[in-house]
Amino acid sequence: MDTLIVAGPHWGAAGGIAPIFPIVWGLLWVGFIALAVLSWRRGWWGPRRTPAQAASPTASAEQILAERYARGEMTDDEYFEKMSVLRGGSS
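What you see is a predicted model, and the numbers here were worked out from it, not measured in a lab. (Residues numbered from 1 in each chain as written. Predicted model: local features only at pLDDT ≥ 70, side-chain atom pairs only at ≥ 80, totals over all residues. Heavy atoms only, no water.)

A. Structural context of the overall build of the protein. Helix and strand counts for the protein stand at four helices and zero strands. Taken from the N to the C terminus, the helices and strands of the protein come in the order α-α-α-α. Expressed as a percentage of its 91 residues, the buried residues of the protein come to 8%. The long-range fraction of contacts in the protein, counting pairs at least 24 apart against all pairs at least 6 apart in sequence, stands at 13%. Summing over all exposed atoms, the protein offers an accessible surface of approximately 8000 Å²; the carbon and sulfur share of this is 66%. (Helix = DSSP H or I, 4+ residues; strand = E, 2+ residues; numbered from the N terminus. Buried < 20%, exposed > 50% of the residue type's maximum accessible area, 1.4 Å probe, protein only. Contact = heavy atoms within 4.5 Å. Areas by Shrake-Rupley, 256 points an atom, 1.4 Å probe, with all protein chains shown as cover.)

Structural data, given as structure tokens:
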């Protein structure tokens, strides 16, 4: 019992700053969690998300022409002529 009484005042050797340590640990964990959420949203961590490519305004028309050409509904000359018109070239 005498040992506890003698050692008692020496517990908490940090003195007056001891209450700050739990706050620092709490802020540290909040920082780790915020970093994890930020990295997840930005794609630094987790499943990779590919950015959507901007489609050209004539992409759907070009796809329709390609499908018609593949089905044999138009000749080579017709296909290339219409594609050049779509892309802004002269026919």
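Text resumes after the structure shown.
B. Up close: the environment of Ala59. Tracing the chain through its elements places Ala59 in helix α3 (residues 59-71). With a relative accessible area of 29%, Ala59 lands in the partly exposed category. A C-alpha to C-alpha distance of 9.4 Å links Ala59 and Leu86, two positions 27 residues apart in sequence.

C. Seen up close, the packing of α3 against helix α4 (residues 76-86). In contact at an axis separation of 10 Å, α3 and α4 are set at 175° when each is read in the N-to-C sense. The pairing of α3 with α4 is recorded here as roughly antiparallel in orientation. Facing α3, whose interface residues are Ala61, Glu62, Leu65, Ala66, Arg68 and Tyr69, α4 presents Asp76, Tyr79, Lys82, Met83 and Leu86. (Axes fitted to C-alpha atoms, helices over the stretch in contact; angles between N-to-C directions. Parallel < 35°, antiparallel > 145°, perpendicular 65-115°, else oblique.)

These values are about where atoms sit, not about what they do.
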